[in-house]
Amino acid sequence: MRLLAKFSAVFTLVFGLGSIVIGYLSYHLLQDGARQQVLDQARLMMQAMLSARDYTSVDLKPLLEPMESRDQSFLPQTVPAFAAAENFRFLRAKFPDYNYKEAALNPTNPRNRALDWEADVINAFRQKPQLQQLTGERLAATGQSLYLAQPIRAGHACMECHSLPAQAPAAMLDVYGRDNGFGWKEGDVIAAQIISVPESLPLQMANNEFRAMLLYLLLIFLASLVVLNLVLYYTIAKPAERLSAMANRISLGELNVPELPVKGNDEIADLAESFNRMRRSLVTAMKMLGDEDR
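The rules behind each value
- Residues numbered from 1 in each chain as written.
- Predicted model: local features only at pLDDT ≥ 70, side-chain atom pairs only at ≥ 80, totals over all residues.
- Heavy atoms only, no water.
- Helix = DSSP H or I, 4+ residues; strand = E, 2+ residues; numbered from the N terminus.
- Rg over C-alpha atoms; globule rule 2.2 N^0.38 Å.
- Buried < 20%, exposed > 50% of the residue type's maximum accessible area, 1.4 Å probe, protein only.
- Contact = heavy atoms within 4.5 Å.
- Areas by Shrake-Rupley, 256 points an atom, 1.4 Å probe, with all protein chains shown as cover.
- Lys, Arg positive; Asp, Glu negative; His and termini not counted.
- Charge placed at Lys NZ, Arg CZ, Asp CG, Glu CD.
- pLDDT = per-residue confidence, 0-100.
- Salt bridge = Lys/Arg side-chain N within 4 Å of Asp/Glu carboxyl O.
- Disulfide = S-S within 2.5 Å.
- Pairing = 2+ DSSP bridges.
- Axes fitted to C-alpha atoms, helices over the stretch in contact; angles between N-to-C directions.

(A) Layout of the overall build of the protein chain. Looking only at helices and strands, the protein chain features seven helices and four strands. Secondary structure of the protein chain in N-to-C order comes out as α-α-β-α-β-β-α-α-β-α-α. Relative to the globule expectation of 19 Å for 294 residues, the C-alpha radius of gyration of the protein chain, 40 Å, shows a markedly less compact shape. Out of the 294 residues belonging to the protein chain, those deemed buried represent 33%. A separation threshold of at least 6 residues defines the contact pool for the protein chain, and within that pool the share at least 24 residues apart is 62%. Of the roughly 18200 Å² of accessible surface on the protein chain, a fraction of 60% belongs to carbon and sulfur atoms. Each charge class in the protein chain was averaged separately, 29 positive and 31 negative side chains, and the resulting centres sit 5 Å apart.

(B) Region of interest: the confidence of the model for the protein chain. Per-residue confidence for the protein chain gives a mean pLDDT of 84, with 96% of residues at or over 70. Taking the mean pLDDT of every element in the protein chain, the minimum, 74, falls on helix 7 (residues 267-293) and the maximum, 93, on helix 3 (residues 116-127).

(C) Looking closely at the pattern of salt bridges. Counted under the stated rule, the structure contains seven salt bridges. Across the salt bridge formed by Arg111 and Glu86, the nearest N and O atoms sit 3.7 Å from each other. Here Glu86 lies in helix 2 (residues 80-91) and Arg111 lies in the loop between strand 1 (99-104) and helix 3, a separation of 25 residues in the sequence. Assessed through its relative accessible area of 43%, Arg111 is described here as partly exposed.

(D) Spatial organisation of the state of the cysteines. This structure, assessed with the given rule, holds zero disulfides. Here Cys158 is not disulfide-linked; the sulfur of Cys161 is the nearest cysteine sulfur, at 8.5 Å.

(E) Region of the structure containing the sheet that holds strand 3 (residues 143-153). A sheet is described by the order of its strands in space; here four strands give the open sequence 1-4-3-2, paired in antiparallel fashion. If you trace the sheet from one side to the other, it starts and ends with strand 1 and strand 2 (134-140), each paired once. Neighbouring strand axes in the sheet, compared pairwise and without regard to direction, differ in orientation by 30° on average. Two strands pair when backbone bridges link them, and strand 3 and strand 4 (residues 189-198) are joined in this way by nine bridges, in the antiparallel orientation. Residue Ser145 lies in a different strand from strand 4, and its bridge partner there is Pro198.

(F) Representation of the environment of Phe182 within the structure. You can see Phe182 is positioned in the loop between helix 5 (170-176) and strand 4. With a relative accessible area of 11%, Phe182 lands in the buried category. Put simply, Phe182 and Cys161 are 21 residues apart on the chain and 7.7 Å apart in space, counted from C-alpha to C-alpha. Leaving out residues up to four positions away in the same chain, Phe182 has contacts with Asn106, Cys161, His162, Ser163, Leu164, Pro165, Ala168, Met172, Leu173 and Gly177.

Now the structure itself:
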């Protein structure tokens, strides 16, 4: 095997082993980074839904209440939970993988009733009042899923409709009945905002970034291999070929071969200088032998 081929094989082996180690470590870092990115997006969405709730309570509800009184009707647009869910419905058009729900143990609207795992999240907030946010994973019907949750506490304004059925607006009772959404106590955790996303989303993000990183590594490897082979050829292989050709000609009796050019102060230059000196000594020795024979 020639020198360049040996170098290329060794370089490929070393670079390949290094790439395997880097790839293994990087893939896990990319997974963690993608997971964190998804959770950060979920936090932004959740804050947007909180803003929608606040806007509904502070600005929208006072404007719609006179209309409710005049028409003796109930407008769900005055309910913060309804406003948040509807706002997210439009947001989900841009982020179809994300799901939002204000899960409650005793909701007025049946669509907000907590599933078993959502009830566990709500109870976790109840058992630890200082807990402000909860993240975790669960096994969904479509596979592993990430979720981010925050507690919802019953405020003073909630008591107008959710303390006792007798105190609730008649129009609301006509829509939702008297069996659900009552008995709340001010300050209690009555629900949880939950945003969930399939685990496949951060995995897909990590895989895309990992493939891009592998492509960059491959390009770096090819460029490095070409550059290093060129450097090796002109600094080592080519001078070594000249030495080999000169030694071969001298071994065949050609003593009139020109001396090798000596450039630089490296080991190859020293070797060329030593070879030239050896050639001159050999030529001198051969002449002396010729003179003695005569």
